[in-house]
Structure formats: structure tokens, C-alpha cells
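Structural features, examined
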Amino acid sequence: MEVKYKTLKNLFQVRHPKQARLKNHDPAWAGKGVFQELRKSELKARATTFLENNRAALAEAQDRLYATDMYSVLIVLQAMDAAGKDGIIKHVMAGVNPQGCQVFSFKKPSDEELDHNFLWRYMRCLPERGRIGIFNRSYFEDVLIVRVHPEILASQRLPKGSKGRKVWEQRYDDINRFERHLVRNGTVILKFFLNVSRKEQKRRFLDRLNDPAKQWKFSPADLKERGHWDAYQEAVNHVLRNTSTPWAPWWVIPADHKWISRALVGGIITQSIQQLRLKRPTILPDQQRLIARAKRELEAGRA
């Protein structure tokens, strides 16, 4: 199921932000325009095989990323509930070295976090050079859930000028400038919105409720938030239009089929790192002599 990076960009990257709307992206996409000759069962098998093979390619890309110690990668995962964020992390990143990968999930901000600007708690968790960082939800919650629930904004201890009608435009601007700063300093930002349909979300919720092994995943808050579906869709549209930039574009990933979303996200992450054309550090002559001496001592039993 290998798809060229250019094709992935054309299909799933938000390339014209002003016209970006979720309704223009099919959450049940399963190969249309690329794999039309394959039946869904065949495509699922190929996607599964691709994901397995991609783990080795991603591990190699991560190794080069770590060795060069010049770039970092920040993966941002946003979605409605039950869209598969946790599954993406589990299945796509299964082959990477845990020492070079960090995952952060952001819940309701603490009092300490509320005493800082809204980006502060995310800044503290940014990946170092050579590492991959994953944000399971992110600073975009502050222009999504906070927009859908304005009472959250009202409860934050903000100056009057930060609560007016322009608050969202101000936050979009803050985010864009923040991300541009990161990119200029060597962070590759990959922002994924996992686009699940309302119908598929309902099916997954019922699956959780009917399976004792999955019931722990369900929260009454999930059902409550489902009642705000349309408001969230519109909030996401605003985010796509205002924060998909040339330096940090959004990728809208079809998420009704988990095997599709996992294969696509895995391929995009791997190919994005490969696009950096990273090479392992060159061994200088002095280092080569030290390596040769160490090898002789070990082989001679002197060490």
C-alpha cells in the first residue's frame, strides 16, 4: 500500500485553508482514487502489511534523527472521542526506540497551569533535538473545547482584553507564531486530525458498552460531548482554516477504518522524517584511529 508523499499531501493535507471544511473530507475513505482496483478486504490486508513494514522504516528514520541530533519531531493528534488516537500511538509507534519517543496526554489544566499562558504547559513537554514527541490532544484544545464551552474561558483568570470577541483570532495567531518559532529551530510539526463520522463514533461507543473488556474506556462525559457534535465540527473548521500554515499544515485523516488511519499516519510520519535526508555523523580520522585501536585491544584480549 505504498503511496508517494506527494500523493498523500494532495489527498489529506489542508492545502487551501480558507476553503477547509470537514465535510469536504470523507471519514470513510478506503482507497478511492488510488486503490480503486482493490476490494476492501484486499486493501485492508495490504494496509496491515504496510503498517508492519513501516515500523522498521520508522525505526531506521528515528535512528538517523537521534544520531544527527539536529531536528525534533512533534506529532499532534486531535480528534473527536473514539476516533483512534490511542490506537495510532500503540500501533504506529510500536517499533520505535522508547528512549527516543515521548508521549504526553493533556487533561483539564491544573491551578498551576492556569496561572500561566495557555501555551505554557505544552512548551514544557516539547521534544528535544533527536527525539519524537507525541501530543495526545494539545494546545488546540484551547481553541476547540474552550470555544465549544465558553464557560471554561470565563473561569480562567484572564485580563479583560483576553476575553473579547477577538480571543480566538488572538489564540490562532499565538499558535501560528509559536509553531513557526519551533520550525525555525528544527522541529518538524505533524498535525493530524483523525476524522471520524458521527455514525462510526456511535458504533464504537456501543462496542465499548457491550464489551466488558472495553467498558473502562467509556465515560459519561463522552456522551455529553457527543451532544455538541455540530459545534465541535464548526470549531475544527475554524482551526483548519486559521492554523494550517505552510510551515505546519494540518493533515485530515479518514478515521472510520482504523487500518486506514494507522497506515496513513505511519506512512506520513516516516516519509516526513525521510524528507529531511538525514545522514549519520561522519567519523573523523582521529575517531577512526581510536576505533581501530579499541578494536585491536579487544581482539588481543588487552581490554
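My aim in this report is to walk through the structure given alongside it, one point at a time.

This paragraph deals with the environment of Asp 256. Looking at the element boundaries, Asp 256 is found in the loop between β5 (250-254) and α12 (258-274). For the pair Asp 256 and Ile 269, spaced 13 residues apart in the sequence, the C-alpha separation amounts to 20 Å. Not counting chain neighbours up to four residues away, the residues in contact with Asp 256 comprise Pro 27, Ala 28, Asn 195, Val 196, Ser 197, Glu 200 and Arg 204. There is a polar contact of 2.9 Å between the side chain of Asp 256 and the backbone nitrogen of Ser 197.

As a further point, take the pattern of salt bridges. In total, this model carries 17 salt bridges according to the counting rule given. Linking Glu 179 and Lys 191 is a salt bridge whose minimum nitrogen-to-oxygen distance equals 2.9 Å. One end of the pair, Glu 179, is in helix α8 (residues 167-184); the other, Lys 191, is in strand β4 (residues 187-195), and 12 residues separate them in sequence. In this structure Lys 191 comes out as buried when scored by relative accessible area, which is 0%. One connected set of salt bridges, linked through shared partners, spans Glu 60, Asp 63, Arg 64 and Arg 280.

Let us look at the nonpolar core. Met 93, Tyr 139, Phe 192 and Ile 269 are the most contacted members of the largest nonpolar core, which totals 79 residues. Looking at which element gives the most residues to this core, the answer is α12, with eight residues. With sequence-adjacent residues up to four places away left out, Met 93 is seen in contact with Leu 58, Ile 75, Ile 88, Cys 101, Ile 132, Ile 134 and Ile 269.

Our next topic: the environment of Leu 209. Looking at the element boundaries, Leu 209 is found in helix α9 (residues 198-210). Not counting the four nearest positions on each side in its chain, Leu 209 is found in contact with Gln 215 and Phe 218.

Taking 1.5 Å as the rise per residue, α12 with 17 residues should run 24 Å; its terminal C-alpha atoms sit 24 Å apart, in good agreement. Summarising burial for α12: 15 of the 17 residues are buried, a large majority.

Another aspect to go through is the packing of aromatic side chains. By the definition in use, this model includes 11 aromatic pairs. When the ring of Tyr 139 is compared with that of Phe 140, the centres are 4.8 Å apart and the planes differ by 40°; the resulting orientation is tilted. With respect to class, Tyr 139 is no different from Phe 140; both count as buried. Put simply, the rings of Phe 104, Phe 106, Tyr 122, Phe 135, Tyr 139, Phe 140, Phe 178 and Trp 250 pair up and form one aromatic cluster. Positioned above the aromatic ring of Phe 118, the side-chain terminus of Arg 171 is 4.6 Å from the ring centre. The ring centre of Trp 247 lies 4.3 Å from the NZ or CZ of Arg 180, which sits over that ring.

Turning to the pairing of strand β1 (residues 72-79), a few remarks are in order. Burial of β1 is extensive: eight of the eight residues sit out of reach of the surface. With burial as the criterion, each face of β1 is covered, one bearing Ser 72, Leu 74, Val 76 and Gln 78 and the other bearing Val 73, Ile 75, Leu 77 and Ala 79. Of the strand pairs in this sheet, β1 and β4 are connected by eight bridges, and their pairing is parallel. When the sheet's bridge partners are listed, Ile 75 is paired in β4 with Leu 190. Two elements, β1 and strand β3 (residues 132-136), share five bridges in a ladder whose sense is parallel. The residue bridging Leu 74 from the neighbouring strand is Gly 133, located in β3.

This brings us to the sheet that holds strand β2 (residues 101-105). The pairing of strands in a sheet comes from backbone hydrogen bonds and takes either a parallel or an antiparallel form. An order of β2-β3-β1-β4-β5 is seen for the five strands of this open sheet, with the pairing classed as parallel. Either end of the sheet is taken by a strand with one partner, and the two such strands are β2 and β5. The mean inter-strand angle of the sheet, taken between neighbouring strand axes irrespective of direction, is 20°. When β2 meets β3, the two strands line up parallel, connected through five bridges. Bridging from a neighbouring strand, Gln 102 pairs with Gly 133 of β3. Relative to β5, α12 is tilted by about 150°, and along the sheet it contacts β1, β3, β4 and β5.

About the criteria used
Residues numbered from 1 in each chain as written. Predicted model: local features only at pLDDT ≥ 70, side-chain atom pairs only at ≥ 80, totals over all residues. Heavy atoms only, no water. Helix = DSSP H or I, 4+ residues; strand = E, 2+ residues; numbered from the N terminus. Contact = heavy atoms within 4.5 Å. Polar contact = N/O pair within 3.5 Å; in protein donor to acceptor, adjacent residues only side chain to side chain. Salt bridge = Lys/Arg side-chain N within 4 Å of Asp/Glu carboxyl O. Buried < 20%, exposed > 50% of the residue type's maximum accessible area, 1.4 Å probe, protein only. Core = buried A, V, L, I, M, F, W, Y, C linked by side-chain atoms within 4.5 Å. Expected span 1.5 Å × (residues − 1). Phe/Tyr/Trp six-rings, centres within 6.5 Å; stacked < 30°, edge-to-face > 60°. Lys NZ or Arg CZ within 6 Å of the ring centre and 35° of its normal. Pairing = 2+ DSSP bridges. Axes fitted to C-alpha atoms, helices over the stretch in contact; angles between N-to-C directions.

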